[in-house]
Amino acid sequence: MAATRTSGDLRLAGLTKEFDTFTAVHPMDLVIPEGSFFALLGPSGCGKTTTLRMVAGLEQPTAGRIHIGDTEITDTKAHQRNVNTVFQSYALFPHMNVLENVEFGLRRRGDKNATVKAKEALELVQLGEVAKKKPAQLSGGMQQRVALARAVVNRPDVLLLDEPLGALDLKLRRQMQIELKRIQQEVGLTFIHVTHDQEEAMTMADTIAVMNAGRIEQLGDPATLYEHPASTFVANFLGQSNLLKVTVTGPARNGEVPVTAYDTALTVAADHVPGDAKEVWLGVRPEKLRMGEHGGPNRLHGTVSDVSFTGVATQYLVRMPWGKELTVVQQNDGSGRARPGEDVTISWAAEHGFALDAAQAADAGVEEEG
């Protein structure tokens, strides 16, 4: 039986997955707009792959429903859903050439234009010239693009990408991120990308759902998640954050709330402070901090404890008088670098800080080495 073609937004309503000893996905309500590039981002074990497998029909939900447009597919068998998956392993047929691999699904459905469509798909992924080669003759990046062409040629309602770039080296992975985004924009299909790589999600996705322990911590576009994280988990998992525990010392004035940290008066934008909180984590991204007396009105004094040159920028660790080290990233613009042991002033503008409830753990979302 051929896959049922539908169209519209992908909707998950109360979608849940329980195993014998734990709940992998707590009741989840989510709408993924048709034609969007959506990412499920989170650490290993957060439930993102289980969610993907339920959409693919490879895992049966414990509860909840899945719709594409007006069509419910919760109980539809995997091969009857018009949903395709691209995995980290390319799963190409080694005895077939590239064109035959891409044609395969179309020929099984009896599509008389299989060869024409397969050639168009190979041109889309810029591999038309290798159509007659076997997969073993191609690089890893080329094989991944063949796998993508094979999935896209079927024009699925939803294309699922399960850590598709994980096996590629860093330079090739970055090239493929741009390629995937270009291809999605050209074909206009709904892409759902599962990854633990923050940069990958932010580079490609229109919208990201950050998952933690089977739940969505925050949903939004990359810039909003980065600039205005809703929790310490999101602040730490999506890039680096400097978190200072501060006490709110008065009401908002001129759009700013006064706070103190270790007897130092600071301010934070009023619309960044949650409710009537008295103690908050004041967060500032490393690249928002400035070294020297110029910069914003918020100022702290410390000593440079480490300097790391990374090419386009230099990363500093600056130790505060109370012992905490703050991370500062400065563009290498020719203005010179501070040295370890040097006393420096770091500053930032009030609007560049965000505030989170101090009841949350400061190290939530920090990835452990290894």
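Rules and cut-offs
Residues numbered from 1 in each chain as written. Predicted model: local features only at pLDDT ≥ 70, side-chain atom pairs only at ≥ 80, totals over all residues. Heavy atoms only, no water. UniProt positions renumbered as here; feature names shortened; annotations may be inferred. Core = buried A, V, L, I, M, F, W, Y, C linked by side-chain atoms within 4.5 Å. Buried < 20%, exposed > 50% of the residue type's maximum accessible area, 1.4 Å probe, protein only. Helix = DSSP H or I, 4+ residues; strand = E, 2+ residues; numbered from the N terminus. Contact = heavy atoms within 4.5 Å. Pairing = 2+ DSSP bridges. Axes fitted to C-alpha atoms, helices over the stretch in contact; angles between N-to-C directions. Domains from an automatic or database assignment. Polar contact = N/O pair within 3.5 Å; in protein donor to acceptor, adjacent residues only side chain to side chain. Parallel < 35°, antiparallel > 145°, perpendicular 65-115°, else oblique. Left-handed = near helix turned anticlockwise from the far one by under 90°. Nonpolar A, V, L, I, M, F, W, Y, C, P; charged D, E, K, R; others polar.

Going by the annotation in an unreviewed UniProt entry, the name recorded for the chain is Spermidine/putrescine import ATP-binding protein PotA, with Pedococcus bigeumensis given as the source organism. UniProt annotates the chain under Catalytic activity (unreviewed entry) with the comment "ATP + H2O + polyamine-[polyamine-binding protein]Side 1 = ADP + phosphate + polyamineSide 2 + [polyamine-binding protein]Side 1."

1. Considering the nonpolar core
Val102, Leu122, Leu148, Val152, Leu159, Phe191 and Ile208 are the most contacted members of the largest nonpolar core, which totals 47 residues. The element that contributes the greatest number of residues to this core is helix H4 (residues 140-152), accounting for 6 residues. Contact partners of Ile208, with chain neighbours within four places excluded, come to Ala39, Leu41, Ala201, Met202, Gln218, Leu219, Gly220, Pro222 and Leu225. If you look at the next biggest cluster of nonpolar residues, it comprises 27 residues, including Val248, Ala277, Leu300 and Ala338.

2. Brief notes about the pairing of strand S9 (residues 207-212)
Sheet topology places strand S3 (residues 37-41) next to S9; 4 bridges connect them, and they run parallel. For Ala39, the partnering residue across the bridge sits in S9 and is Ile208. Hairpin geometry of S9 and strand S10 (residues 215-220) is characterised by an intervening segment of 2 residues between the two adjacent antiparallel strands and by a positive phi of about 50 degrees at Ala213.

3. Observations regarding the sheet that holds strand S4 (residues 63-68)
On the basis of which strands lie adjacent, the open sheet formed by 4 strands has the order S2-S1-S4-S5 and antiparallel pairing. The open sheet terminates on both sides in strands that have one partner only, identified here as strand S2 (23-32) and strand S5 (71-72). Summarising the sheet, strand S1 (residues 10-18) and S4 pair through 5 bridges and their orientation is antiparallel. Its bridge partner lying in S4, Arg11 is registered against His67. Contacting S1, S2 and S4, helix H1 (residues 48-56) crosses the sheet at an angle of about 120 degrees to S1.

4. A look at the domain arrangement of the chain
Taken domain by domain, the chain holds domain 1 (10-227) and domain 2 (240-357). Averaged C-alpha coordinates put domain 1 and domain 2 at centres separated by 39 Å.

5. Looking at the environment of Val86
By the element assignment, Val86 lies in strand S6 (residues 83-87). We classify Val86 as buried; its relative accessible area is 4%. For the pair Val86 and Leu159, spaced 73 residues apart in sequence, the C-alpha separation works out to 7.6 Å. In contact with Val86, not counting residues within four places along its chain, are Gln144, Ala147, Leu148, Ala151, Leu159, Leu160, Leu161, Asp162 and Pro164.

6. Things to note about the side chain of Lys17
Here Lys17 is to be found in strand S1. When neighbours within four sequence positions are excluded, Lys17 is seen to be in contact with Thr23, Ala24, Val25, Thr50, Met54, Glu59, Gln60, Pro61 and Thr62.

7. Thoughts on helix H2 (residues 98-108)
Turning to H2, its buried residues number three or more, namely Val98, Leu99, Asn101, Val102, Glu103, Gly105 and Leu106. Looking at the buried residues of H2, the elements they touch are helix H3 (114-124) and H4. The positive-phi residue at the C-terminal boundary of H2 is Gly110, with phi of around 75 degrees.

8. Some thoughts on the side chain of Ser241
Summarising the element assignment, Ser241 is placed in the loop between helix H8 (232-237) and strand S11 (242-248). Of the polar contacts made by the side chain of Ser241, one reaches the backbone oxygen of Ala235; its length is 2.9 Å. At a separation of 2.9 Å, a polar atom in the side chain of Ser241 contacts the side chain of Arg285. Not counting residues within four places of it along the chain, the set of residues in contact with Ser241 comprises Ala235, Asn236, Val284, Arg285, Pro286 and Phe354.

9. Remarks on the packing of H2 against H4
The interhelical angle for the contact between H2 and H4, taken along N-to-C directions, is 30 degrees, at an axis separation of 7 Å. The angle between H2 and H4 places the two elements in the roughly parallel class. Read as a crossing pair, H2 and H4 show a hand that is right-handed. Contacts between H2 and H4 involve Val98, Asn101 and Val102 on the former and, on the latter, Val146, Ala149 and Arg150. Partitioning the contact of H2 with H4 into residue classes produces 4 nonpolar, 1 polar and 1 charged.

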